[in-house]
Amino acid sequence: MGRFATTVHLYEQFRPPYPLKFFRQIAEHLALTKQHALIDLGTGPGLLALGFADYAGRVVAVDPEPAMLAAARRAVRAAGRDVELVEGRAEDLPDDIGRFDLVTIGRALHWLDEAALGPLFERLVSPVGVLAVCASFSAKDGRNAWLEEFDAARRAWSNERLWSEARSGHRVHLAPLLEPTTFEAAEVIRVETTKETSVADLAQRVLTYSSSSPAVLGARVEAMLRDVQARLMPLSRDGVVTEIVTSTAQIARRRL
């Protein structure tokens, strides 16, 4: 069983979402059309692959976790989209997979083998193609007044070894990873949305991380949910908080 197997049914529902205008803005910025091919590495339940499916022609989604890929397959079927699903590690993709005009990576960059990234990007990205590392997260600039307490609770209930392996839950910045490659970080596309999120849903969000998944917490799941809700209720209004979500795409292009 993969480390995300028990988070599959929670991931789509409780992680900060990518809004529709995020996909539209990136597609317009990159002039993405049905003549272009896209591959999404570490697709999970297929959020990025499906979000871009209306803008690209060939869409391929790759993930090593069978349960996640099964969720992506269900989502693709429900959406009536044409997405090619590939089970396996991105680093192990065969050469005949082809080259792509847009290579996307969502909340998976920190799970990839850094030593393999350069060769992987070189063979997957077409000569004039681009790489987009995407993320969607609660804004960390102080406007989400509840976030500090949420992060403290998440850390308290996380397995320390798994927390460290996941790079402490922090987003990975692209530029340092590209230094040994022919790519360089270029522009960043940013979309901000505001939504209402219940304290109960935030407690469930803790279960979507590998370091505090249902498999890790086991019989302590209910205790965790009670604890997180107790911590966050004083920061809410009738059990609901305002969440400002920032969705970003770090764009990388080949050096001129």
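Above: the structure in question.
Some remarks on the packing of aromatic side chains
On inspection of all chains with the given rule, the structure shows six aromatic pairs. Considering the side-chain rings of Phe 121 and Phe 183, the 6.3 Å spacing of their centres and the 80° angle between planes classify their relative orientation as edge-to-face. One end of the pair, Phe 121, is in helix H5 (residues 114-124); the other, Phe 183, is in strand E6 (residues 183-198), with 62 residues separating them in the sequence. As far as the burial class goes, Phe 121 and Phe 183 line up, both buried. With a centroid separation of 6.1 Å and 80° between ring planes, the pair formed by Trp 146 and Phe 150 is classed as edge-to-face.

Focus on helix H11 (residues 221-232)
Because an α-helix completes one turn every 3.6 residues, residues spaced three or four positions apart along the sequence face the same direction. Under the 1.5 Å per step criterion, the end-to-end length of H11 is 17 Å for twelve residues, consistent within 8% with the ideal 16 Å. Buried positions along H11 lie against helix H6 (147-156), helix H9 (199-205) and helix H10 (214-217).

Looking at unusual backbone geometry
Its identity is not glycine, yet Ala 31 carries a phi of approximately 55°, on the positive side. Mapped onto the fold, Ala 31 is located in the loop between helix H2 (20-30) and strand E1 (37-41). Despite not being glycine, Asp 238 shows a phi value in the positive range, around 55°. By the secondary structure assignment, Asp 238 is in the loop between H11 and strand E7 (240-254). Note on Asp 238: relative accessible area 78%, which makes it exposed.

Observations concerning H5
All of the buried residues along H5 are Leu 117, Gly 118, Leu 120, Phe 121 and Leu 124. For H5, the capping residue at the N-terminal end is Asp 113, with a side-chain oxygen 3.1 Å from the backbone nitrogen of Ala 115.

Some thoughts on the pairing of E7
Judged by how many residues are buried, E7 sits mostly within the fold: twelve of 15 residues are covered. Where strand E5 (residues 125-138) lies against E7, eight bridges are found, and the strand directions are antiparallel. Looking at E7, one finds that Phe 137 is bridged to Thr 246. Sheet topology places E6 next to E7; 14 bridges connect them, and they run antiparallel. In the strand pairing of E7, Lys 195 is matched with Glu 243.

Analysis parameters
One numbering rule holds for all chains: residues counted from 1, following each sequence as written. Per-residue local features are limited, in this predicted model, to residues with pLDDT of at least 70; the limit for side-chain atom pairs, both in listing and counting, is 80 or more; totals at the level of whole chains, interfaces and linings are taken over all residues. As a rule here, side-chain values come from all non-hydrogen atoms in the structure, and water together with hydrogens is ignored. Working definition: rings of Phe, Tyr and Trp (its six-membered ring) pair if their centres are within 6.5 Å, and the pair is stacked with planes under 30 degrees apart, edge-to-face with planes over 60 apart, and tilted otherwise. Helical segments are the DSSP runs of H or I of at least four residues, strand segments are the runs of E of at least two, and each set is numbered from the N terminus. Relative accessibility under 20% of the residue-type maximum defines a buried residue, over 50% an exposed one, and the middle range a partly exposed one, all with a 1.4 Å probe and only protein chains included. Between the first and last residue of a helix there are one fewer steps than residues, each counted as 1.5 Å, and that sum is the expected span. What makes two residues a contact is simply this: any of their non-hydrogen atoms within 4.5 Å. Distance and chemistry together define a polar contact, namely a pair of N or O atoms within 3.5 Å, with one atom able to donate a hydrogen and the other to accept it when in protein, and with adjacent residues in sequence counting only for side-chain atoms on both sides. At least two DSSP bridges between two strands are needed for those strands to be called paired.

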